[in-house]
Amino acid sequence: MTTRKLILIISAALLLPLASCHTASKAVGGGNTGTTSYDNTTKAEPSNISALASTYKSWKTFSSGGRMEIGGDVDFGTSMQIHIVKGKSIFISLRPVFGIEMGRLYITNDSVIAIDKYHKRYMAESLSFITNGVPITIDALQDIFLNRAFILGEGTLTPSMKNKVDVKASSIGSYSLSPKKQYNGFTYGFNVNSTNHITSLNVSPTGEKSTYTVNYDNFNSTSLGTMATMLSIATKIGGKDFTLSFDYSKITWNSNFNDEIKIAPGYTRISGKSLMSSISDL
């Protein structure tokens with residue numbers, strides 16, 4: 001594999017968590033910023049919602065090592081580190097060769113920065129470049145990485161939100177959960193198992209048969225409760241299928257670390273459009 005392709009694959013890996021938002025919104029004309037009510041006649045069960053929301057303990061930071069794999073039209077794996085500061089940032093470091101860092105991604109409230117350390121170049125764009133009008137905030141992205149249910153525009157699910165979601169039983173002990181207020185152009189919801197853990201986030205663009213999914217697996221105990229330690233994201237870039245999976249290991253909550261964004265002197269800035277085009281050509 002050429003170094004150029006390696007770096008492009010790393011870039012694809014860095015941007016995949018956001019690219020699914022971009023793809024879904026483009027498929028439905030993402031400029032629409034309105035909302036619509038979700039019609040679900042199934043009676044909500046407040047006890048289910050309260051039980052689920054009560055598992056979400058307060059936190060300030062999340063850190064983990066582990067492995068990241070890309071599948072689909074391109075196969076690639078790398079060790080990684082991820083650091084999250086609540087309500088502020090997501091930082092992912094990719095270390096594909098002997099633990100040496102070759103790529104970084106910073107996501108903040110208003111920006112996304114991808115750094116290619118091998119070629120000394122970087123991309124810096126507003127978060128809206130990727131989300132394309134979909135009301136995805138840093139808080140919602142953090143909830144996706146941390147296996148938590150949320151309502152767009154309102155935050156992580158809490159017991160007080162029980163009247164803002166609908167529940168539908170799917171099998172013995174398990175159920176689906178859908179916010180009553182939905183974004184025009186797509187619907188989204190969560191599947192929950194019998195032990196009150198989110199097993200998937202599903203986004204269904206209007207007029208499309210396909211559903212964009214984040215699947216969760218390998219539930220393990222941490223100091224702040226049980227959570228999925230593996231998540232897999234399915235999406236498309238440039239018409240090509242990609243899957244991205246994170247396998248967390250050595251999870252730490254509320255530790256201190258430096259999440260300052262630094263771009264070394266001599267790095268060349270490239271446009272987000274150019275980077276996405278290069279990824280589509282893989």
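Relevant structure appears above.
Residues numbered from 1 in each chain as written. Predicted model: local features only at pLDDT ≥ 70, side-chain atom pairs only at ≥ 80, totals over all residues. Heavy atoms only, no water.

(A) Molecular detail of the overall build of the protein chain. A tally of helices and strands in the protein chain yields five helices and 18 strands. In the protein chain, which comprises 282 residues, the share counted as buried stands at 50%. Carbon and sulfur atoms form 49% of the exposed surface of the protein chain, whose accessible area is close to 12,800 Å². (Helix = DSSP H or I, 4+ residues; strand = E, 2+ residues; numbered from the N terminus. Buried < 20%, exposed > 50% of the residue type's maximum accessible area, 1.4 Å probe, protein only. Areas by Shrake-Rupley, 256 points an atom, 1.4 Å probe, with all protein chains shown as cover.)

(B) How the structure looks around the packing of aromatic side chains. Counted according to the given criterion, the structure contains nine aromatic pairs. Each ring, one from Phe150 and one from Tyr188, has its centre 6.0 Å from the other, and the planes form 20 degrees; the classification is stacked. Note that Phe150 is positioned in strand S8 (residues 150-151) and Tyr188 in strand S13 (residues 186-192), a separation of 38 residues in sequence. For the pair Phe150 and Tyr188, a shared accessibility class is recorded, and that class is buried. One aromatic cluster is present, formed by Trp59, Phe62, Tyr248 and Trp253 through successive ring pairs. (Phe/Tyr/Trp six-rings, centres within 6.5 Å; stacked < 30°, edge-to-face > 60°.)

(C) Broad picture of the pattern of salt bridges. Going through the model one piece at a time under the given rule, you end up with five salt bridges. In this structure, Arg67 engages Glu69 in a salt bridge whose closest nitrogen and oxygen atoms are separated by 2.8 Å. The salt bridge involving Lys164 is made with Glu154; its shortest N-O contact spans 2.6 Å. Residue Lys164 is found in the loop between strand S9 (155-156) and strand S10 (165-171), and its partner Glu154 is found in the loop between S8 and S9; the two are separated by ten residues along the sequence. Residues joined in a network through salt bridges with shared partners are Glu101, Arg104 and Lys117. (Salt bridge = Lys/Arg side-chain N within 4 Å of Asp/Glu carboxyl O.)

(D) Broad picture of the pairing of strand S3 (residues 76-85). Extensive coverage of S3 is indicated by the burial of eight of its ten residues. Where strand S2 (residues 61-72) lies against S3, ten bridges are found, and the strand directions are antiparallel. Across the sheet, Ser63 pairs through a bridge with His83, a residue of S3. Where S3 meets strand S4 (residues 89-95), seven bridges bridge the pair, whose relative direction is antiparallel. Considered in S4, the bridge of Ser79 is made with Arg95. (Pairing = 2+ DSSP bridges.)

(E) Spotlight on the pairing of strand S7 (residues 121-126). Looking at chain direction, strand S6 (residues 111-116) and S7 are connected through six bridges and run antiparallel. Bridging across to S7, Ile115 finds its partner in Tyr122. Where S6 hands over to S7, the hairpin turn is made up of four residues, of which Lys120 adopts a positive phi near 55 degrees. Relative to strand S18 (residues 268-270), S7 is paired through three bridges, and the arrangement is parallel.

(F) Geometry of the side chain of Ser63. Inspection of the secondary structure assignment puts Ser63 in strand S2. Side chain to side chain, Ser63 and His83 meet in a polar contact 2.9 Å long. In this structure Ser63 touches Ile82, His83, Lys250, Ile251, Thr252, Ser255 and Phe257, once residues within four positions along its chain are discounted. (Polar contact = N/O pair within 3.5 Å; in protein donor to acceptor, adjacent residues only side chain to side chain. Contact = heavy atoms within 4.5 Å.)

(G) Expanded view of unusual backbone geometry. One non-glycine residue, Lys250, lies in the positive phi region at around 55 degrees. Counting through the fold element by element, Lys250 comes out in strand S17 (residues 240-253). One non-glycine residue, Asn254, adopts positive backbone phi at about 60 degrees. Position of Asn254 relative to the elements: it lies in the loop between S17 and S18.

(H) Representation of helix H4 (residues 138-145). Along H4, seven of the eight residues are buried, which leaves the element largely enclosed by surrounding structure. Those residues of H4 lying buried are Ile138, Ala140, Leu141, Gln142, Asp143, Ile144 and Phe145. Downstream of H4 by one or two residues, Asn147 has phi in the positive range, about 65 degrees.

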